[in-house]
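Topology and contacts: notes
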Amino acid sequence: MVIGESKPLAEILEKVKDLKRIVVAGCKGCVTVCCVGGEKEVAILASELRIARKAAGSELEVKEYTCERQCDPEYIEALDDLVANADAVVSIACSVGPQYIVARYPNLKVFPGVNTTSIGGAVEHGVWKEFCQACGNCIIDDFGGLCPITRCAKQLLNGPCGGSSQGLCEVGKGSIPCIWQLIYDRLQNLGELHKLTEVHLSKDWSTSRDGGLRTSIREELKQ
Amino acid sequence: MTAEYAAGSKLEKIFKSGQKAVTGECGPPRGADAEHFRHKANYLKNVVDAVNVTDNQTAVVRFCSMAASKILLEMGIEPVMQMVTRDMNRIGLQSNVLGAAALGIKNLLCLTGDHQSFGDHPQAKNVHDMDSVMLLHTVKTMRDEGKLVSGTELQGRPRMFLGAAANPFADPQEFRVVRMGKKIAAGAQFIQTQCIYNMERFRKFMEAANDMGLTEKTFIMAGITPLKSVGMANYMKKFVPGLDVPDHYITRLKGVPKDKVAAEGIKIAVEQIHECLALKGVSGIHLMAIEWEDHVPEIVEAAGLLPRPKVEAD
């Protein structure tokens, strides 16, 4: 799923400081699961904004709504009535959501309330990690099912580098496991260490963001 | 003669003549002060066979390795131009290889480079379109087949003697020599190792390299960095990943009067040079006297490695 982190309240307050009426829009998708943009977080952010503005002597009217998903135009429609009299929307979906809102309301200001950080998952309660960079051509089977493009700081396909020490990456002050140690261990378990003697040549990055905006088309589903 | 040498550099010729080679290192400054660079490099002239020029080492901005290499050529010093894949994509890297060859640079050390989080621009975007192994293969293909990564034919091939780094002290320990083998398979003709302090581990690394037949395919240079002070030794031990400085060296440095520590450090370096050269498969010494270039002549002399062979590059 898409992982995000809440923007600091002060940053959001600064962005809406001249506004009187806003809508805080959440999403029931990924950001609900990673606890930054669901119904609960919409209510918390709306309250924080109201309290802060009241304390500052400039009240802010905040309406709340959580879309089924913000990455689907049909679920944005539900905001039509709410935004009719609003100065802006603060979307706390991943950064896809605010762009869908922009597409539907060309004259409405839209602010992101979340920093979208990665494609990943939960590793323990309250901790989410990155697992994929969406390179568009998955090759993790060459690496025991682990992704060095995402999980090696240098994106080595011929690792590990000289900065791998006692299972840890030199980047991150001992907080990040060396993915190449994990790849090594995994291939050893599978009896496939010979795979690591193969020289990986330059990857074709044209399927990645580098090739320009990506569009996936499924002709059989198009109407 | 051309046919038997990949590039015909002095370094390549010395290796292929069966003599032990000695390389030094000279880091370009953090500024455009070429005089400072020339001053440091001058200590290395005729004392080592070639001088590595670092490419924004530790991800700190310095003047570029190609310009510094050209300055060395003008001084009559053979450069080993270092090139990291952190800062340029395949377009920039290949372009610089061609430019370097056009300037007469004949030795190229292909590296991935330190992560930018260690340098002076941790906010930078890194590139890593390629890694060191891919760069080796790329330049080898440019040189031997006259083709770019894209398959485009080159008009004029870059004659480069290709080198790579190896760290025998990082983990997983048993994989380090295998990874060096990958670099050799990809095109590395010589290897310069990380600074060696743990001789036992280096000995095992060399035994494995010999067993795998790697020392017959490449020239391995043992990396030596003299310990200037107790503080430096402690820093290396504690903060440089994969570098273990055994306590007995630190005890030795601590055991001499303060004004004799540098001399003791040099004595240790000379001993290490002899130990390394005695190992089967070690073809030379890469002396990285970091900001201590003025002591290199003394170290090379004390190690009995002077005078250097008189060899002309093509």
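About the thresholds
- Residues numbered from 1 in each chain as written.
- Chains lettered and ligands numbered in written order.
- Predicted model: local features only at pLDDT ≥ 70, side-chain atom pairs only at ≥ 80, totals over all residues.
- Helix = DSSP H or I, 4+ residues; strand = E, 2+ residues; numbered from the N terminus.
- Rg over C-alpha atoms; globule rule 2.2 N^0.38 Å.
- Buried ≥ 20, exposed ≤ 12 C-beta atoms within 10 Å, placed from the backbone.
- Contact = placed C-beta atoms within 7 Å.
- pLDDT = per-residue confidence, 0-100.
- Domains from an automatic or database assignment.
- Axes fitted to C-alpha atoms, helices over the stretch in contact; angles between N-to-C directions.
- Left-handed = near helix turned anticlockwise from the far one by under 90°.
- Nonpolar A, V, L, I, M, F, W, Y, C, P; charged D, E, K, R; others polar.
- Core = buried A, V, L, I, M, F, W, Y, C linked by C-beta atoms within 7 Å.
- Pairing = 2+ DSSP bridges.
- Right-handed = clockwise from strand over helix to strand, strands pointing away.

Turning to the overall build of chain A, a few remarks are in order. Across its full length, chain A holds eight helices and nine strands. The C-alpha atoms of chain A give 22 Å as radius of gyration, which overshoots the globular expectation for 223 residues (17 Å, by more than 25%). In terms of overall dimensions, chain A has C-alpha extents of about 65 × 45 × 25 Å along its principal axes. Going through the 223 residues of chain A one by one, you find that 34% of them count as buried. If you take every contact in chain A between residues at least 6 apart in sequence, the share linking residues at least 24 apart comes to 55%.

Here chain B averages 95 in pLDDT, while 98% of its residues score no lower than 70. The complex prediction reports pTM at 0.95, with the ipTM value standing at 0.93.

When the domains of chain A are assigned, the result is domain 1 (2–118) and domain 2 (135–210). Between domain 1 of chain A and domain 2 of chain A, the C-alpha centre-to-centre distance is 37 Å.

Residue and element names in this part refer to chain B. Direction vectors running N to C along helix 9 (residues 247–254) and helix 10 (residues 261–277) enclose 145°, while the axes themselves pass 9 Å from each other. Remark: the crossing between helix 9 and helix 10 carries right-handed chirality. Here Tyr249, Arg252 and Leu253 of helix 9 lie close against helix 10, whose contacting residues are Val261, Glu264, Gly265 and Ile268.

Taken together, the 24 residues of chain A in the interface contact 26 residues of chain B. Those elements that provide at least two residues to the side of chain A that touches chain B are strand 8 (164–165) and helix 8 (179–190) of chain A. Class assignment for the residues of the side of chain A that touches chain B results in eleven nonpolar, eleven polar and two charged.

This part covers the nonpolar core. Grouped together as the largest cluster of nonpolar side chains are 88 residues, with contacts concentrated most on Val51(B), Leu108(B) and Cys110(B). Filtering out sequence-adjacent residues up to four positions away, Val51(B) remains in contact with Thr23(B), Gly24(B), Glu25(B), Cys26(B), Ala41(B), Leu44(B), Leu72(B), Ile77(B), Pro79(B) and Val80(B). Membership of the second largest hydrophobic core comes to 33 residues, among which are Ala46(A), Leu49(A), Leu79(A) and Val114(A).

A separate point is the pairing of strand 3 (residues 79–84) of chain B. All names here are of chain B. For strand 3, a buried count of six out of six residues is recorded, marking the element as mostly surrounded by other parts of the structure. On strand 3, burial covers both faces: Pro79, Met81 and Met83 on one face and Val80, Gln82 and Val84 on the other are all buried. Across three bridges, strand 2 (residues 50–53) lies against strand 3 in parallel orientation. Bridge assignment links Val51 to a residue of strand 3, and that residue is Pro79. Of the crossover connections in this fold, the one passing from strand 2 over helix 3 (residues 65–74) to the parallel strand 3 is right-handed. For strand 3 and strand 4 (residues 107–111), the ladder comprises five bridges, and the chain directions are parallel. Across the sheet, Gln82 pairs through a bridge with Leu109, a residue of strand 4. Note that the unit made of strand 3, helix 4 (residues 90–102) and strand 4 has a crossover that is right-handed.

Residue and element names in this part refer to chain A. Spatially, 1-6-7 is the arrangement adopted by the three strands of the open sheet, whose pairing is antiparallel. This sheet does not close on itself; its edge strands, each paired only once, are strand 1 (2–6) and strand 7 (127–132). Sheet twist, expressed as the mean angle between neighbouring strand axes with direction ignored, is 70°. For strand 1 and strand 6 (residues 114–124), the ladder comprises five bridges, and the chain directions are antiparallel. Across the sheet, residue Glu5 finds its bridge partner in strand 6, namely Asn115.

Our focus in this paragraph is the sheet that holds strand 3 (residues 61–67) of chain A. Residues and elements named next belong to chain A. Ordered in space as 3-2-4-5, the four strands form an open sheet in which the pairing is parallel. Every other strand in the sheet has two partners, leaving strand 3 and strand 5 (109–112) as the edge strands with one partner each. Averaged over all adjacent pairs, the angle separating strand axes in this sheet is 25°, with direction ignored. With four bridges joining them, strand 2 (residues 21–27) and strand 4 (residues 88–91) adopt parallel strand pairing. Pairing of Ile22 across the sheet is with Ala88, part of strand 4.

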